[in-house]
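# An overview of the molecular structure
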Amino acid sequence: MSKSISGFSKLSKSKKIDWVVDTYFSNKEEAKTIIKQYWNANDKLQQLHDEFIENTITNYYLPLGIAPNFLVNNNLYTIPMAIEESSVVAAASKAAKFWLNRGGFKTEVISTTKIGQVHFTFNGDYNILKKYFQHIKPQLIANAKPITKNMEKRGGGILDIKLIDKTNSIANYYQLHATFETLDAMGANFINSCLESFANTFKTEAIYFDGIKDSDIDIVMSILSNYVPECLVRAEVSCKVEELNEDPNVSPEDFAHKFIQAVQIAEVEPYRAVTHNKGIMNGIDAVVLATGNDFRAVEAGVHAYASRNGSYSSLTHAKVDNGIFKFWIEIPLALGTVGGLTGLHPLVKLSLEMLNKPSAKELMMIVAVAGLAQNFAALRSLTTTGIQQGHMKMHLMNILNQFNANDNEKTTLIEHFKTNVVTHSAVVEAIENLRR
Ligand code: MEV
């Protein structure tokens, strides 16, 4: 039976570890050893990680892999990817190589507008509220100047604020719907600070406006939206159908036909669309994480966008036009290359430098490309050999590690499975045979 504890966050790190080890583990020494094994020997680096969050006891590692050969708008990139799934980096690299010889990826940022809302209730006449909003709007912007002046100097800031009537959905519910340009910052703190300033001005100034009492306006909350359909990027690959000629067992025409069918299925069938988009997010999240961005925000926004027409659908599309095969993605991505973890986490700094210190717009393009490449690799396998061949080849090492295979055993079995089908039971059998 575990026990509750108060004042936990105030304990020292070693006392926190003692508590968790004493409370939950039968083999306390082993638990402590694992926790400490993942500490960094460099105390300063460890302290940095300790201080990212509260109650840190150790570090949780993910591999950081790199996928070279990405030609994006005629620039070559090596893309850093933080991910645990065995086949993702290999798939990205293969797709990059395929398109490297066919013109590479073409991308464009369509828009970069971010959104935040003050949600409030108003108990009174909408016409008076509209007049008050028109009257107070310049002051909402002026009072936020201490927050916005630096962003404005760089060319960003508040784009607009609108009053939205939501009383059809909830009685007395309105919004201040604000749009922002946050340039190279993801902008969450900037937007939230602006919104809280708007809310404060909106509430406190209301009593001076004829026809509104202080108690008429109640601020419910002020927060950015992670739904960013106006922060959009598009990435595309295209080539002549006859150039889709990598696999001697499939004609380029059949390949294109089946590939497009697979995309169409994901466009109309939500069960397939979710898995199709999950594969896209394999690539997107891995780069988002490696570059210190918030993958939960990206995930939430991307999936909302995938259902914007009322039914969950594919994020990618494909067609053949005049003998040209085209495959593209359009997704919302609110990313930053300054602020947040970007200047703090040494591996994030390394990843951004590997990408030639991109602007947020450039990073949007690179991340979209990683998603498109991942989807291309998945659909190519799914519509030709099936996914398991490649997946299980990559998964082989995980199974070998589960059975504590030594280096010699690994070498022998990797060789063996170059010509044999990898299944979990086949690997177990091969290990047992080898050890007999
Ligand atoms: C696995 O992580 C991703 C795939 O399922 C994606 C897809 O089915 O398109 C292979």
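Throughout what follows, the structure given in this document is the object of discussion. Worth saying up front: this structure is predicted, and the values here are computed from it rather than measured.

Parameters and conventions
- Residues numbered from 1 in each chain as written.
- Predicted model: local features only at pLDDT ≥ 70, side-chain atom pairs only at ≥ 80, totals over all residues.
- Heavy atoms only, no water.
- Helix = DSSP H or I, 4+ residues; strand = E, 2+ residues; numbered from the N terminus.
- Buried < 20%, exposed > 50% of the residue type's maximum accessible area, 1.4 Å probe, protein only.
- Contact = heavy atoms within 4.5 Å.
- Areas by Shrake-Rupley, 256 points an atom, 1.4 Å probe, with all protein chains shown as cover.
- Lys, Arg positive; Asp, Glu negative; His and termini not counted.
- Charge placed at Lys NZ, Arg CZ, Asp CG, Glu CD.
- Pairing = 2+ DSSP bridges.
- Axes fitted to C-alpha atoms, helices over the stretch in contact; angles between N-to-C directions.
- Near = heavy atom within 4 Å.
- Polar contact = N/O pair within 3.5 Å; in protein donor to acceptor, adjacent residues only side chain to side chain.
- Nonpolar A, V, L, I, M, F, W, Y, C, P; charged D, E, K, R; others polar.
- Parallel < 35°, antiparallel > 145°, perpendicular 65-115°, else oblique.
- Left-handed = near helix turned anticlockwise from the far one by under 90°.
- Expected span 1.5 Å × (residues − 1).
- Core = buried A, V, L, I, M, F, W, Y, C linked by side-chain atoms within 4.5 Å.
- Salt bridge = Lys/Arg side-chain N within 4 Å of Asp/Glu carboxyl O.

### Regarding the overall build of the protein chain
If you tally the helices and strands in the protein chain, you get 15 helices and 10 strands. Counting only C-alpha atoms, the protein chain reaches 90 × 70 × 40 Å along its principal axes. In the protein chain, which comprises 436 residues, the proportion classed as buried is 44%. Sequence separation of at least 24 residues holds for 70% of the intrachain contacts in the protein chain that already meet a minimum separation of 6. Carbon and sulfur atoms make up 52% of the accessible area of the protein chain, which amounts to about 22,700 Å² in all. Positive and negative charge centroids in the protein chain, built from 43 and 45 side chains respectively, lie 3 Å apart.

### Quick notes on unusual backbone geometry
Even without being glycine, Asn172 reaches a positive phi, approximately 65 degrees. Structurally, Asn172 is set in the loop between β5 (157-165) and β6 (173-181). The phi dihedral of Leu183 is positive, around 55 degrees, even though this residue is not glycine. Leu183 gets classed as partly exposed once you look at its relative accessible area, which sits at 26%.

### A word on the sheet that holds β6
The antiparallel open sheet is built from four strands, whose spatial order is β5-β6-β4-β7. Each edge of the open sheet is held by one strand with a lone partner, namely β5 and β7 (217-225). If you compare each strand with its neighbour and ignore which way they point, the axes differ by 20 degrees on average. In this structure, β5 lies alongside β6, joined through eight bridges in antiparallel fashion. Across the sheet, Leu163 pairs through a bridge with Leu176, a residue of β6. The strands touched by helix α5 (residues 126-143) are β4 (114-122), β5, β6 and β7; relative to β5, the strand with the most contacts, the crossing angle is about 170 degrees.

### Points about the site of the ligand
What surrounds the ligand is the set Glu85, Arg272, Thr275, His276, Lys278, Gly279, Asn282, Ala378, Leu382, Ile387 and His391. A distance of 2.8 Å separates an oxygen atom of the ligand from a polar atom in the side chain of Arg272. Between Lys278 and the ligand, the recorded distance is 2.6 Å, taken from a side-chain N or O atom to an oxygen atom. Compared with its free state, where it exposes 300 Å², the ligand has 87% of that area covered by protein. Taken together, the elements giving at least two residues each to the shell around the ligand come down to α9 (270-290), α12 (360-382) and α13 (387-402). For the shell around the ligand, the leading source of residues is α9, giving six residues. In terms of residue class, the shell around the ligand is made up of three nonpolar, five polar and three charged.

### Section: the packing of α9 against α12
It is the contact of α9 with α12, at a shortest axis distance of 8 Å, that shows an interaxial angle of 135 degrees. Taken together, α9 and α12 sit at an angle that is classed as oblique. Between α9 and α12 lies a crossing of right-handed hand. Here Arg272, His276, Gly279, Ile280, Asn282, Gly283, Ile284, Val287 and Val288 of α9 lie close against α12, whose contacting residues are Val367, Ala370, Gly371, Gln374, Asn375, Leu379 and Leu382. Taken together, the residues of the contact of α9 with α12 break down into eight nonpolar, seven polar and one charged.

### Section: α12
Spanning 23 residues, α12 covers 33 Å between terminal C-alpha atoms, matching the ideal 33 Å at 1.5 Å per step. Burial of α12 is extensive: 18 of the 23 residues sit out of reach of the surface.

### Quick notes on the packing of helix α1 (residues 13-24) against helix α2 (residues 28-37)
For the pair α1 and α2, the least separation of the axes is 9 Å and the interaxial angle reads 140 degrees. Here α2 runs oblique to α1, going by the angle between their axes. Here the hand of the crossing between α1 and α2 comes out right-handed. Between α1, through Ile17, Asp18, Val21 and Asp22, and α2, the contact on the second element is made entirely by Lys28, Ala31, Lys32 and Ile35. Each residue belonging to the contact of α1 with α2 can be placed in one class, and the counts come to four nonpolar, no polar and four charged.

### Focus on the nonpolar core
Counting 68 residues, the largest nonpolar core has Phe70 and Leu333 as the members making the most contacts within it. A per-element tally of this core places α12 first, with 13 residues. Not counting residues up to four positions away in its chain, the partners in contact with Leu333 are Val228, Cys231, Val233, Ile284, Val298, Met364, Val367 and Ala368. Counting 30 residues, the second largest nonpolar core, distinct from the first, contains Ile136, Ala178, Phe180 and Phe202.

### Quick notes on the pairing of strand β10 (residues 324-332)
Looking at chain direction, strand β8 (residues 232-240) and β10 are connected through nine bridges and run antiparallel. Residue pairing for β10: Cys239 is matched across the bridge by Phe325. Both strand β9 (residues 316-321) and β10 contribute to a ladder of six bridges, which runs antiparallel. By the bridge assignment for β10, Asp321 is matched with Ile324. Adjacent in sequence and paired antiparallel, β9 and β10 are bridged by two residues, among which Asn322 carries a positive phi angle near 50 degrees.

### Things to note about the side chain of Asp285
Among the secondary structure elements, Asp285 is positioned in helix α9. For the buried Asp285, no salt bridge is present, and the opposite-charge side chain at shortest range is Lys278, 8.2 Å distant.

### Structural notes on the sheet that holds β10
With respect to topology, four strands assemble into an open sheet ordered β3-β8-β10-β9, the strand pairing being antiparallel. The open sheet terminates on both sides in strands that have one partner only, identified here as β3 (106-109) and β9. Each strand of the sheet is rotated relative to its neighbour by a mean of 20 degrees, with strand direction disregarded. Two elements, β3 and β8, share four bridges in a ladder whose sense is antiparallel. Opposite Glu108, over in β8, you have Arg234 as the bridge partner.

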